[in-house]
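Structural overview
Each chain, written out:
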Amino acid sequence: MTKQDKAFMQEAINLSIHNMETNAGGPFGAVVVKDGKIIGRGNNQVTSTNDPTAHAEVVAIRDACKNLNSFQLEGCILYTSCEPCPMCLGAIYWARPERIYYACTKEDAAAIEFDDAFIYTEMNAAIPNRKIPTIQIAREEALVAFKMWKEKVDKTEY
C-alpha cells in the first residue's frame, strides 16, 4: 500500500466517522478514485434517506458515475471503510472498477451487528427454501422485453 492509498483510505474512514457524528446512517464510508483524484464520495445514508440501498459504496459509485458521465468505473479504485456486503459487492462488480481496498472485515461488521451471513446463506438456498417467498409469474410476458433486447441493433451494452 502506498502513501496515497493510505490517504484515500483515511478519507473513506473519515466519512464513516463523520457519519457517526451526524447520525446519517451506519459507520461506513467510501471513495472512488481515478487518476489520483477522488471522483466519488459516499457515506451510509440508509436511515437518513429511508433507502436500504444507500450503503456507502453504492452512494460513492452513484456519485462517481454521475461525475464521470458513465455507468462504469473503468480505471477507478474503490476505497471502503469495510469489506463490502453482498449488495455492494454486486454493485461494485457491475461498475467494474480496477481494484477495491477495504479496512474493516465482514467479521468486524458482524461484531457490531451488521451481519450479512444470512444473505450469503439465502443466496445459496434453493428458491423454494428461501425465507422470503420467491414465486415466478408471467415469464412468457416478460420474455418479450428480453427478445426485444436480443434483437435491438442500437443497444448500449454493459
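As a reminder, the structure under discussion sits directly above these lines.
What comes next concerns the included structure. (Residues numbered from 1 in each chain as written. Predicted model: local features only at pLDDT ≥ 70, side-chain atom pairs only at ≥ 80, totals over all residues. Heavy atoms only, no water.)

1. Let's talk about the sheet that holds strand β2 (residues 37-43)
So the rule is basically this: Pairing between strands requires that DSSP locate at least two bridges from one strand to the other. Here a helix means four or more residues in a row that DSSP labels H or I, a strand means two or more in a row labelled E, and each is numbered from the N terminus. Between N-to-C directions, angles span 0 to 180 degrees; the directions come from axes that are lines fitted to C-alpha atoms, helices contributing only their stretch in contact.
Spatially, the four strands line up as an open sheet ordered β2-β1-β3-β4, and their pairing is mixed. With one partner strand each, in any of the chains shown, β2 and β4 (99-104) form the two edges of the open sheet. Looking at each pair of strands side by side, their axes are set apart by 15° on average, direction ignored. Here five bridges tie strand β1 (residues 29-34) to strand β3 (residues 76-82), and the two strands are oriented antiparallel to one another. Note that in β3 the partner of A30 across the bridge is T80.

2. Notes on the nonpolar core
What counts here: Residues enter a nonpolar core if they are buried and are Ala, Val, Leu, Ile, Met, Phe, Trp, Tyr or Cys, with the set joined through side-chain atoms within 4.5 Å. Accessible area is worked out with a 1.4 Å probe on protein chains only. A residue is then buried under 20% of its type maximum, exposed over 50%, and partly exposed in between. Any two residues whose heavy atoms approach within 4.5 Å at even a single point are treated as in contact.
V32, I61 and L73 are the most contacted members of the largest nonpolar core, which has 16 residues in total. Mapped onto this core, the elements with two or more residues apiece are β1, α3 (56-68), β3 and α4 (86-95). The greatest single-element share of this core, amounting to five residues, is contributed by α3. Not counting chain neighbours up to four residues away, the residues in contact with V32 comprise K37, I38, I39, G40, A60, I61, A64, L73, C76, I77 and L78. Within the second largest apolar cluster, eight residues are counted, among which are M9, A12, V33 and I77.

3. A short note on the environment of G90
Looking at the element boundaries, G90 is found in helix α4. Residue G90 is classed as partly exposed on the basis of its relative accessible area, which comes to 29%.

4. Things to note about α3
Note the cut-off: Expected span of a helix: the number of residues minus one, times 1.5 Å.
In this model α3 runs 18 Å from its N-terminal to its C-terminal C-alpha over 13 residues, within 8% of the 18 Å that 1.5 Å per residue would give. Those residues of α3 that sit buried are A56, E57, V58, V59, A60, I61, A64 and C65. Against β1, β2, β3 and α4 lie the buried residues of α3. Just past α3, the residue N69 takes up positive phi, approximately 55°.

5. Here we look at the pairing of β4
Condition: Crossovers are described as right-handed under a simple rule: with the strands pointing away from the observer, the path leading from the first strand over the helix to the second runs clockwise.
Sheet analysis places β3 next to β4, joined by five bridges and oriented parallel. When the sheet's bridge partners are listed, I77 is paired in β4 with R99. Running through α4, the crossover from β3 to the neighbouring parallel element β4 is right-handed.

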